[in-house]
Amino acid sequence: MSNSHNQLLYIETVGCQMNVLDSELVVAALREGGYELTESMYDADTVLFNTCSVREHAEHKIYSQLGRLKYSKRKRPDKVIGVFGCMAQKDQELIFQRAPHVDMVVGTGQLAEIPRLVSEARRDRNKALAVSLARTGGSRDEVVSSFESYDPLRDPTMRPSPFQAYVRIMIGCDKFCTYCVVPTTRGPEQSRPPSQILTEVGVLAGQGVREVTLLGQTVNSYSHVEDGRTFRLADVLELIHDTEGIERIKFVTNFPRDMDARLLEAVRDLPKVGRYLHVPAQSGSDTVLERMKRGYTVGEYREMMSRINEIIPGCAVSSDFIVGFCGETDEDFEASRRLVEECRFKNSFIFKYSPRSGTKADERLVDDVPEAVKRERNARLLDVQTAICEEDNAEFIGLTADVLVEGPSKMALKQMKQQPAVTPHPVPGVELSEDAAAEVVSLETPGSAGTDVTSDPVSGPIQLVGRTDCDRIVVFDGNPRLAGSLATISVDDCTATTLIGRIVTREVQHAAVVELPVV
Ligand code: 5AD
Ligand code: SF4
């Protein structure tokens, strides 16, 4: 990869945080080989799509992007087009059939191969398929090693913000919920050794990271045996807690059945761990949960909620719901609605059931809820959740909140884009698809609150965004240099998604709340 021509890289990422992290690592490896990012897939010498298969919509989006590149590839046959991630693992050769101009298809377990495959594709013009074994394609050990975990170099400039980083602590999933492709696309559950996680967090802190989010498909199922001792997530939290420089620790996504008291006590007792848990319920109906093979009843989910509220008072909980799953009746849906009302989630991500090939639900159950009904249930559940968000956010008005400042809000970034002198962080060339972002953060749109950015983004205050330790989004005006620090915000107003406030500081001598002069 020494040729200075052929070195512009465009990468587009859809899907979950795991994909965002994978893209960070792939870009870091390619940059080592001399690649530079570009914002245009048409100008790029190499175009990579990091894909998601959880719902059909995310796949459509990629195929339509690939379609747009057909003529560009004809004009420049040396352009390398690669598809990696979950869709690559799931669809394999089908991708070459549907988009013959694709050069390489690389599964979630082969990401380390990408730099070599890109060079070979350019040199030999051969198609490359690198994927892991199917779950039934060998012994467990063989399948596990074919999904080799990939956590090499970190590239600080590829992060959503320089102060925040994802750390993978486990990969794969063994839960096999009947609707879900993840156990196929991400392979068997494997937990990383705690010592590796600690080292990585230390390196990140040294690079200026203040907040780490530990990632796993079922992060609280983490289990690693070393020298006869079993380490669970609570042990990992304790281990990394005292890392100098790290101010806040989060972890996603949790599985309800594995939310044990020991983990909750660790969250309560470790001050850097945010009081926020994402624990998808998926449905409020026992019959639907049974058909989904989630392994718990609604009663057990309620018990878990009581345990959370008892051990960590004030802890925010968010959830995922699927509406219109096979056989979901009006009564089943009503039960989901009741569960949302009862649990008062901080937010819920709500999805219409999307049948996925290779899953048990697709093979054995009938997708019998009409699209219009799915859409209507989706909108109704979202309305219930939105009303709760508005009510709960309003409770914060008049209070102060400690916020870890992330940087300019979406609105400020938009304004900066119109002023070319300023380079906003998210780096160019890494596109988190709008659709995917909308799916991933369905109820959370930082900066959508409508307050004005008050002055020049270089020298004066702009609208910043941060989160409380309960993961509530807060916007306020301040100097961009506050990014990465903790600030106290007095909350004046809110929307369903966002608290709106001003920076305050306490004058110790007079105990009066005064506004910070913004430098
Ligand atoms: N259809 C719709 N939503 C799905 N999810 C997973 N599989 C499907 C599917 N086939 C949702 C679940 C999960 C979230 C990441 O995506 O709610 O928690
Ligand atoms: Fe999919 Fe269920 Fe595993 Fe979550 S726990 S990744 S929904 S199989």
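Criteria and cut-off values
- Residues numbered from 1 in each chain as written.
- Chains lettered and ligands numbered in written order.
- Predicted model: local features only at pLDDT ≥ 70, side-chain atom pairs only at ≥ 80, totals over all residues.
- Heavy atoms only, no water.
- Near = heavy atom within 4 Å.
- Nonpolar A, V, L, I, M, F, W, Y, C, P; charged D, E, K, R; others polar.
- Salt bridge = Lys/Arg side-chain N within 4 Å of Asp/Glu carboxyl O.
- Helix = DSSP H or I, 4+ residues; strand = E, 2+ residues; numbered from the N terminus.
- Buried < 20%, exposed > 50% of the residue type's maximum accessible area, 1.4 Å probe, protein only.
- Polar contact = N/O pair within 3.5 Å; in protein donor to acceptor, adjacent residues only side chain to side chain.
- Areas by Shrake-Rupley, 256 points an atom, 1.4 Å probe, with all protein chains shown as cover.

Visitor: What's the story with the site of ligand 2 in this structure? I'm lost.
Guide: Around ligand 2, the structure places Cys173, Lys175, Phe176, Cys177, Tyr179, Cys180, Val182, Pro183, Gln217, Thr218, Phe255 and Arg294. Grouping the constituent residues of the shell around ligand 2 by class yields eight nonpolar, two polar and two charged.

Visitor: Mind showing me how you'd approach the pattern of salt bridges here?
Guide: Opposite charge on two side chains permits them to pair, given that their charged atoms come into close proximity. Following the criterion strictly, the structure yields 39 salt bridges and no others. We note a salt bridge from glutamate 120 to arginine 116, for which the minimum N-O separation is 3.1 Å. On the criterion of helical spacing, the pair formed by glutamate 120 and arginine 116 is a turn pair, its members being four residues apart in helix α6 (residues 114-124). Glutamate 120 sits in the partly exposed class, given a relative accessible area of 27%. You can call arginine 116 partly exposed: its relative accessible area is 42%. Here arginine 135 makes a salt bridge to aspartate 174, at a shortest N to O gap of 2.8 Å. Residue arginine 135 is found in the loop between β6 (128-130) and α7 (140-146), and its partner aspartate 174 is found in the loop between β8 (170-171) and α8 (182-185); the two are separated by 39 residues along the sequence. We classify aspartate 174 as partly exposed; its relative accessible area is 28%.

Visitor: So what exactly am I meant to see when it comes to the site of ligand 1 here?
Guide: Taken together, the neighbourhood of ligand 1 is formed by Val54, Arg55, Tyr179, Gln282, Asp320, Ile322, Phe351, Lys352, Tyr353, Ser354 and Arg356. Within the contact set of ligand 1, an oxygen atom lies 2.7 Å away from a side-chain nitrogen or oxygen of glutamine 282. Contact between ligand 1 and serine 354: a nitrogen atom at 2.8 Å from a main-chain N or O atom of the residue. Isolated, ligand 1 exposes 400 Å² of accessible area, and the fraction of that covered by the protein chains is 85%. Going through the elements one at a time, β15 (316-323) and β16 (348-352) are the ones with two or more residues in the shell around ligand 1. Classifying every residue of the shell around ligand 1 gives five nonpolar, two polar and four charged.

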